[in-house]
Amino acid sequence: MRSVWGISIRRACRVILATRSTYQYNSRSNDQAELKQRIKEISQTRVRYGYRRIHILLRREGWAINPKRVYRLYTEMGLQLRNKAPKRRVKAKLREGRVEACQANETWAMDFVHDQLATGRKLRVLTIVDTFSRYSPAVDPRFSYRGEDVVQTLERICRQTGYPKTIRVDQGFEFISRDLDLWAYQKDVELDFSRPGKPTDNAYIESFNGKFRAECLNTHWFMSLDDARSKMEEWRRDYNPVS
C-alpha cells in the first residue's frame, strides 16, 4: 500500500485499522534463544548459582536484561536449585574451547589438600600450580578456609607473580563464593569450573597434590601451624624449577 500510494506509515496503519507498534514490531526469538542457551551454559558450569547470580554474570557480559526476564526463562527451563540435590547426580560441562596453556600465567590450577597436626587438629592446604611451567606460586595451610581467605592468598601471590588469565577449580564452596567471584571479575580472571565428581577435569592439580602428599605430607610431622607452613614452603621451593 505504501509503495503504490506513497502514503506514510501512520496513515496506512489507520486505513487498515492496525497499530503502528504492530507494524514496527521486530521478533526477538533469536535473541531469546541465545539468551536461554547462555543461561543454560552458566547453570551447568556453576551448578549452585540461582537466577539472581546468573543475572549478574549476564549483565557483566553485556546483556541488557532485567532479573524478571532471567527468572522467567530460568523457571521455564526447570533450572531452579534444589536445597537437597542428591550428590553424584549434579551435572555440569566443561567450558567450551578449553585449550592447553602456551605460556606462564595463562592457566593456573587450584585445589585443597587435607592433613593434620601431630595433635590431631585438622589442616586445609590451598595448593596452586601453573599448568604450563609447573611452577607452584603457593602452598598455604590454615585451620579453616573461606572464600575471602582464598582471595587473600591469591592477591598476595599475584602481586609477586602477576595475575593469571584462567584458574581451574572444582565446585567447592570456597571457589563458588561471592568473594572469589567478585575478585575474579575485578581482576579480569576467568574461573574454569570442573564437573562435579570428575577430578580428571583438573588433572594438573591432582598430579601436583599427589607429589605434595608423597614427598611432604607423608614424610613430616607438623607440630604447629607455623611449623607446617615452614616445612611446606621449604618443599615448595625445592619442587619449583626456579626458586
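The structure presented is a predicted model; accordingly, all values stated were derived computationally and were not measured.

### Some thoughts on the overall build of the protein chain
Point 1. Within the protein chain, the secondary structure is distributed over 10 helices and 5 strands.
Point 2. The buried share of the protein chain, taken over its 243 residues, is 40%.
Point 3. Contacts in the protein chain between residues far apart in sequence, at least 24 positions, make up 62% of those at least 6 positions apart.
Point 4. Counting only carbon and sulfur atoms, one obtains 49% of the accessible surface of the protein chain, whose full area is about 15000 Å².

### Section: the nonpolar core
Point 1. The biggest cluster of nonpolar side chains holds 22 residues, and the ones touching the most others in it are M110, V150, L154, I167, F175, L180 and W183.
Point 2. Going through the elements one at a time, β1 (107-116), β2 (122-130), α7 (147-161), β4 (166-169), α8 (178-186) and β5 (190-193) are the ones with two or more residues in this core.
Point 3. In terms of residue count, α7 provides more of this core than any other element does, 5 residues in total.
Point 4. Sequence-distant contacts of M110, defined by excluding residues within four places in its chain, comprise L126, T127, I128, V150, L154, I167, R168, V169, F175, L180, N202 and I205.

### A few points about the side chain of T127
Point 1. Among the structural elements, T127 can be located in strand β2.
Point 2. For T127, the side chain forms a polar contact with the side chain of N209, separated by 2.8 Å.
Point 3. Contacts of T127, omitting those with residues within four sequence positions, involve A109, M110, D111, V113, A138, V139, I205, F208, N209 and F212.

### What to know about the side chain of E106
Point 1. Topologically, E106 is positioned in the loop between α6 (67-76) and β1.
Point 2. For the buried residue E106, which engages in no salt bridge, the nearest side chain bearing the opposite charge is K165, 5.5 Å off.
Point 3. For E106, the side chain forms a polar contact with the main-chain nitrogen of Q103, separated by 3.3 Å.
Point 4. Dropping the residues within four chain positions of it, E106 is found in contact with E100, A101, D130, K165 and T166.

### Some points on unusual backbone geometry
Point 1. The phi dihedral of N105 is positive, around 65°, even though this residue is not glycine.
Point 2. Looking at the secondary structure, you find N105 in the loop between α6 and β1.
Point 3. Of note in this structure, D188 is not a glycine but carries a positive phi near 60°.
Point 4. Relative to the helices and strands, D188 is located in the loop between α8 and β5.
Point 5. The exposure class assigned to D188 is exposed, which follows from its relative accessible area of 67%.

### Some details on the pattern of salt bridges
Point 1. Tallying each qualifying case throughout the model produces 14 salt bridges.
Point 2. In this structure, the salt-bridge partner of R72 is E76, at a minimum N-O distance of 3.4 Å. Of this pair, R72 and E76 both sit in helix α6, separated by 4 residues, roughly a single helical turn.
Point 3. Given a relative accessible area of 48%, E76 falls into the partly exposed group.
Point 4. Measuring nitrogen to oxygen at the nearest pair gives 3.5 Å for the salt bridge that ties R213 to D115. Residue R213 is found in helix α9 (residues 203-215), and its partner D115 is found in strand β1; the two are separated by 98 residues along the sequence.
Point 5. For R213, a relative accessible area of 29% translates into the label partly exposed.
Point 6. A single network of salt bridges, built from pairs that share partners, joins D140, R142, R146, E148 and D149.

### Re the environment of Y145
Point 1. For Y145, the position within the fold is in the loop between β3 (138-142) and α7.
Point 2. When its relative accessible area of 3% is taken as the criterion, Y145 is described as buried.
Point 3. Distance from Y145 to R124, taken between C-alpha atoms, is 7.0 Å for residues 21 residues apart in sequence.

### Overview of the pairing of β2
Within a regular strand, side chains alternate between the sheet's two faces.
Point 1. Extensive coverage of β2 is indicated by the burial of 8 of its 9 residues.
Point 2. The hairpin turn running from β1 into β2, its antiparallel successor, is 5 residues long, and G120 in that turn takes a positive phi close to 100°.
Point 3. Sheet topology note: the β2/β3 ladder contains 5 bridges and is antiparallel. In the sheet register, V125 faces β3, and the bridge partner there is P141.

### With respect to the environment of R213
Point 1. Note: C-alpha distance between R213 and H114 (99 residues apart in sequence) is 9.5 Å.
Point 2. Other than its neighbours up to four places away in sequence, R213 contacts V113, H114, D115 and N218.

The rules we used
- Residues numbered from 1 in each chain as written.
- Predicted model: local features only at pLDDT ≥ 70, side-chain atom pairs only at ≥ 80, totals over all residues.
- Heavy atoms only, no water.
- Helix = DSSP H or I, 4+ residues; strand = E, 2+ residues; numbered from the N terminus.
- Buried < 20%, exposed > 50% of the residue type's maximum accessible area, 1.4 Å probe, protein only.
- Contact = heavy atoms within 4.5 Å.
- Areas by Shrake-Rupley, 256 points an atom, 1.4 Å probe, with all protein chains shown as cover.
- Core = buried A, V, L, I, M, F, W, Y, C linked by side-chain atoms within 4.5 Å.
- Polar contact = N/O pair within 3.5 Å; in protein donor to acceptor, adjacent residues only side chain to side chain.
- Lys, Arg positive; Asp, Glu negative; His and termini not counted.
- Salt bridge = Lys/Arg side-chain N within 4 Å of Asp/Glu carboxyl O.
- Pairing = 2+ DSSP bridges.

In short, geometric facts, not functional conclusions.
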